[in-house]
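Topology and contacts: notes
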Amino acid sequence: MRYIYILIFLCSLSISCNKSDLSFPPDNQILAEDAIQDADDLQQLLNSAYDVLANTYNGNCQNLKTLMADNIAAPNNNYDYMELYNRNTLYFNGTIGQYYQQPYIAIYRCNYLIENIDLVESLTNAAAVRLISEAKFIRALCHYDLVNLFAHPFGYTLDNNHDGIIIKNSTDPSPLPRSTVNQVYEFILSDLEYASDNLPTTNGNYATKYSADALLAHIYFQMNNLEYALSNCNSVINSGQFILDNDSLFLERFRSSGNLEVIFGTISTSNFDIRSSGFTNNYRSDVNDNPTFRASSSIFEMTQEYGNNEDRRSEWFEMKNIGLENEFIAINKFNKDYFNVPILHLTQIYLLRAELHARLGNISQAIDDINKIISRAYLTASQIVDSSVNNQELLDIINRERQLELCFEGDRLLALKQRGAFYEPDLEIRNALWNCDGFLLQFPATAQTSLFVQNPPGGC
């Protein structure tokens, strides 16, 4: 048996065993030359990082963002989630603590691979570059979501010198301080530009050049670097590799069958390999009369704005216990035993490009993009946008469609923060200013070191 499996087990213990940093205890180290002996060992190590991603983006990461935005009602019977909903988290919130471990485990495995890839002398240069590129993509994705949840957004300060997160670009166990948000974004961009330049355009279920480009589009959008974001959107759309779901299939975006919209996502293969439990365990309403997550009245009312069932997305919602004290709006979007989770997909990119075009003054292009989303969302053509629309009206339409299309996928909070940071300084998110400290998750107590500065407590 390869020692690689022992290594992976130790890595999975890394954070819980070592309070001060993100690596396994020195006494349990295995020499790299024993753990990695051939190309298959490297691939298995990379697969183990993907495996952690699947358990991180099974809804757990997305739910943290959704709870702090405005599409969800107060969660039912979960104190950790209620802290998130109230934007007043504590150091000992177990849900946050469990999440915080996962990205850094994936990052550690990627760093281990990058540092030790030269041990396999028989590895071709092309194979080595692919492995490193995939590892850098995973590392960038993990840092990106960590900095979005535990730090104020890019644009919060003029120089973005506010506290970010710990950058982990090596397996060195030495305690580190938090880097600034600007430094974190620079690191992420460096990894993703390398990945974009070196990943293949097709790569099975693994990351590709277009996975990196799609993530770059999101990141440059958060930075308000509109031209760069647009360029990366164009790269994905113009590749021709991805196709928008039709007007019925898009309602089943979270499904186990093939999906040509998916640019990067995770796969569930059966009831014995479920990578969607963070969604199903909290949202599912067909086999649970008392789900933890219910929709806010505001987003449900948006689906009814143009009449009953005119908006196909109304199928994602259902009134339960009508007229009773315990009436609530159930969410049907995740009512399946298991499904694949699209992390980056084509609908996101079209919505993003529509907003980019609108903000850059490319009105006709923005209209073309948003009408692709609108034409499949509504039963009639009455909501199609024409050239008489002004710029602000167009932006309002795009923002509305983005909120509905991507509801409960973790997109809403970041979109609102970007607007607050660059366009609407008085923007409120469910009665709290976008830059309130309550939108910062509290780092778990195990993250504390003499170099580490915690987030301010207190909520909004």
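Residues numbered from 1 in each chain as written. Predicted model: local features only at pLDDT ≥ 70, side-chain atom pairs only at ≥ 80, totals over all residues. Heavy atoms only, no water.

1. Thoughts on unusual backbone geometry
Excluding glycine, most residues fall at negative phi; most peptide bonds, likewise, are trans. Look at Phe-408: it is not a glycine, yet its phi comes out positive at around 70°. Within the secondary structure layout, Phe-408 lies in the loop between helix 16 (391-405) and helix 17 (412-422). Residue Arg-430 is not a glycine yet carries a positive backbone phi of 50°. Along the chain, Arg-430 turns up in the segment after helix 17. (Helix = DSSP H or I, 4+ residues; strand = E, 2+ residues; numbered from the N terminus.)

2. With respect to the packing of aromatic side chains
Centre distance and the angle of the planes are the two values used to describe a pair of aromatic rings. Applying the stated criterion across every chain yields a total of 29 aromatic pairs. The interplanar angle of 85° and the centroid separation of 6.3 Å between the aromatic rings of Tyr-144 and Tyr-185 together place this pair among those described as edge-to-face. Of the two residues, Tyr-144 sits in helix 8 (residues 125-150) while Tyr-185 sits in helix 9 (residues 181-198), which places them 41 residues apart along the sequence. Note on accessibility: Tyr-144 and Tyr-185 belong to one class, buried. Relative to Phe-317, the ring of Phe-300 lies with its centre 6.3 Å away and its plane at 65°, an arrangement referred to as edge-to-face. Here the residue Phe-300 occupies a position in helix 13 (residues 297-303), and Phe-317 occupies one in strand 2 (residues 317-320), the gap between them amounting to 17 residues. Across the pair, exposure class does not vary: Phe-300 and Phe-317 are buried alike. Above the plane of the ring of Tyr-194 lies Lys-136, whose end atom (NZ or CZ) is 4.2 Å from the centre. Above the ring of Tyr-423, the side-chain terminus of Arg-359 is found at 3.7 Å from the ring centroid. (Phe/Tyr/Trp six-rings, centres within 6.5 Å; stacked < 30°, edge-to-face > 60°. Buried < 20%, exposed > 50% of the residue type's maximum accessible area, 1.4 Å probe, protein only. Lys NZ or Arg CZ within 6 Å of the ring centre and 35° of its normal.)

3. Some words on the state of the cysteines
One pass over the structure, following the stated rule, counts 1 disulfide. With no disulfide partner, Cys-142 has as its closest neighbouring cysteine sulfur the one in Cys-110, 6.9 Å distant. This cysteine, Cys-233, is not joined by any disulfide, and Cys-61 carries the nearest cysteine sulfur, 20 Å off. For Cys-233, a relative accessible area of 0% corresponds to the buried category. (Disulfide = S-S within 2.5 Å.)

4. Overview of helix 4 (residues 39-56)
With 18 residues, helix 4 ought to run about 26 Å at 1.5 Å a step, and its terminal C-alpha atoms sit 26 Å apart, in line with that. Among the 18 residues that make up helix 4, 13 are buried, leaving the element largely enclosed by the rest of the structure. (Expected span 1.5 Å × (residues − 1).)

5. Observations regarding the pattern of salt bridges
The full count for this structure, using the stated rule, is 28 salt bridges. A salt bridge links Arg-376 to Glu-405, with the shortest nitrogen-to-oxygen separation between them at 3.2 Å. One end of the pair, Arg-376, is in helix 15 (residues 363-377); the other, Glu-405, is in helix 16, with 29 residues separating them in the sequence. Neither Arg-376 nor Glu-405 differs from the other in exposure class; each is buried. (Salt bridge = Lys/Arg side-chain N within 4 Å of Asp/Glu carboxyl O.)

6. Focus on the confidence of the model for the protein chain
Averaged over every residue, the pLDDT of the protein chain is 92; the share at 70 or more is 93%. Here residues 1-28 is modelled with pLDDT under 50, and outside its nearest four sequence neighbours on either side it reaches 66 contacts, counting other chains as well. (pLDDT = per-residue confidence, 0-100. Contact = heavy atoms within 4.5 Å.)

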